[in-house]
Amino acid sequence: MDQQIQDLLERVQQAGRKPFSQCTPQEARAFPTMMKSLFGSAPAGTRNRDLTIPSSDGFAVPARLYKPAGGAAGLIVFFHGGGWVLGSVDDYDPFTATLAAESGFAVLSVDYRLAPEHPYPTPVHDARAALTFAAEHGSRLLGEPLQKLVAMGDSAGATLATVATRHHRGDPGKRAVDLQVLVYPVAAAGFDTQSYRDYRKGFLLGEQDMRWFWDQYCPRNELRTHADASPSAAADLAGLGKVLVLTAECDPLRDEGEQYGRLLAAAGNACEVVRCEGLVHGFLAMINFAPSARSAFEKITAAIRNA
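Notes on the structure follow. (Residues numbered from 1 in each chain as written. Predicted model: local features only at pLDDT ≥ 70, side-chain atom pairs only at ≥ 80, totals over all residues. Heavy atoms only, no water.)

## A closer look at helix α8 (residues 207-217)
So, step 1. Taking burial as the measure, the 11 residues of α8 include eight buried ones, the bulk of the element.
So, step 2. Within α8, the full set of buried residues consists of Glu207, Asp209, Met210, Trp212, Phe213, Trp214, Gln216 and Tyr217.
So, step 3. In this structure, the buried residues of α8 make contact with α2 (25-30), α5 (122-142), α6 (156-169) and α7 (194-198). (Buried < 20%, exposed > 50% of the residue type's maximum accessible area, 1.4 Å probe, protein only. Helix = DSSP H or I, 4+ residues; strand = E, 2+ residues; numbered from the N terminus. Contact = heavy atoms within 4.5 Å.)

Here is the structure:
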């Protein structure tokens, strides 16, 4: 583990911040997100504009399109993390601008509706709508032919990205997704893996945090085993193309993410699973903070460029 991350964990423990499991959603949202606290400023030169995407119930999903200087080689549809409760396009603004600049792809960052005000399956509806919109209007958004389409997210956002991709696969005539990038995804609603036992507390995201997020997002336990909530439960994972799954070694979600990657590979997809040694959940916020997090991000941008 990089010394910077060890120091961060010590500072968080010493701060004694109230855990999510003891917060209301409003109290939890009042804390600055890790992305907001650690990432730093956005790079110069990337252009962005705000737009909306039609979704279920007549809702217009806010989104922000980032274009790298010199044109885009493709389009990434990005869903932010935050346990389906926290986070926003604004929180992730420096990261998504950096993703566009360093991948050479445009990024469509999606402000899907959050729980508990909009519980499961509403965020899934918004994710599906965003991916369909990108496939249908990608060329117009880029101002040039859409060469490659990528679905990407971190944590809960990775869950939305892969579920939306699975549904998108079944839509005849739609532009296919060329690559999924799933960073420490939530892949199942269980809490009994070895990584949950090893990293249940003290590593930024703990077991009680995840139980709280699930309670906000999908309070009905019987729905949590549905494939749209827990993607590992899908009966058919074939035909999903190339997938890059990155997990963090010191993360309760590590084992379920790696198991999902194995299921994707067993279904015939070209899936690469990378365990990022010494890293913790949320490491995308740390790419300007810890060398190992920067290395993981460079693996992501290389995979996107080679999609």
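## With respect to the nonpolar core
So, step 1. Core analysis: the biggest nonpolar cluster contains 66 residues, and Leu75, Phe79, Leu108, Met210, Trp214 and Tyr217 have the highest contact counts within it.
So, step 2. Excluding anything up to four places from it in sequence, Tyr217 contacts Trp84, Ala115, Pro119, Tyr120, Pro123, Val124 and Leu160.
So, step 3. Counting 44 residues, the second-largest nonpolar core is a separate cluster that includes Leu9, Val107, Leu244 and Ala285. (Core = buried A, V, L, I, M, F, W, Y, C linked by side-chain atoms within 4.5 Å.)

## Examining the sheet that holds strand β6 (residues 179-183)
So, step 1. Here we have eight strands laid out as an open sheet, ordered β1-β2-β4-β3-β5-β6-β7-β8, and mixed in their pairing. Each having just a single partner strand, β1 (47-54) and β8 (270-280) make up the two edges of the open sheet. Here the average twist between neighbouring strands, direction ignored, is 20°.
So, step 2. Summarising the sheet, strand β3 (residues 75-79) and strand β4 (residues 106-110) pair through five bridges and their orientation is parallel. Bridging from a neighbouring strand, Phe79 pairs with Val110 of β4. (Pairing = 2+ DSSP bridges. Axes fitted to C-alpha atoms, helices over the stretch in contact; angles between N-to-C directions.)

## Side note on the packing of aromatic side chains
So, step 1. All told, the structure shown has 15 aromatic pairs when counted by the stated rule.
So, step 2. Taking the centre distance of 6.3 Å and the plane angle of 90° together, the rings of Tyr92 and Phe95 count as edge-to-face. The two residues Tyr92 and Phe95 agree in class, both being buried.
So, step 3. An aromatic cluster is built from Phe39, Phe78, Tyr92, Phe95 and Phe297, whose rings are joined through pairwise contacts. (Phe/Tyr/Trp six-rings, centres within 6.5 Å; stacked < 30°, edge-to-face > 60°.)

## Some thoughts on the side chain of Asp209
So, step 1. Structurally, Asp209 can be placed in helix α8.
So, step 2. Within the local environment of Asp209, its side chain forms a polar contact with the backbone nitrogen of Gly206, the two atoms lying 2.9 Å apart.
So, step 3. For Asp209, the residues in contact, after removing those within four places along its chain, are Phe20, Ser21 and Leu204. (Polar contact = N/O pair within 3.5 Å; in protein donor to acceptor, adjacent residues only side chain to side chain.)

## So, the packing of helix α4 (residues 93-103) against helix α10 (residues 291-305)
So, step 1. For the pair α4 and α10, the least separation of the axes is 9 Å and the interaxial angle reads 55°. If you check the angle between α4 and α10, you find them oblique. For the element pair α4 and α10, the recorded crossing hand is right-handed. Residues Phe95, Thr98, Leu99, Glu102 and Ser103 of α4 form the contact with α10, whose participating residues are Arg294, Phe297, Thr301, Ile304 and Arg305.
So, step 2. Taken together, the residues of the contact of α4 with α10 break down into four nonpolar, three polar and three charged. (Parallel < 35°, antiparallel > 145°, perpendicular 65-115°, else oblique. Left-handed = near helix turned anticlockwise from the far one by under 90°. Nonpolar A, V, L, I, M, F, W, Y, C, P; charged D, E, K, R; others polar.)

## Let's talk about the packing of α5 against α6
Each pair of packed helices gets described by two things: the angle between the helix axes and the distance between those axes.
So, step 1. Packing of α5 against α6 leaves a shortest axis separation of 9 Å and a crossing angle of 60°. In terms of their interaxial angle, α5 and α6 are classed as oblique. Here α5 and α6 pass one another in a crossing that is right-handed. Seen from α5, the contacting residues are Pro123, Val124, Ala127, Arg128, Leu131, Thr132 and Ala135; seen from α6, they are Leu160, Val163, Ala164, Thr165, His167 and His168.
So, step 2. In terms of residue class, the contact of α5 with α6 is built from eight nonpolar, four polar and one charged.

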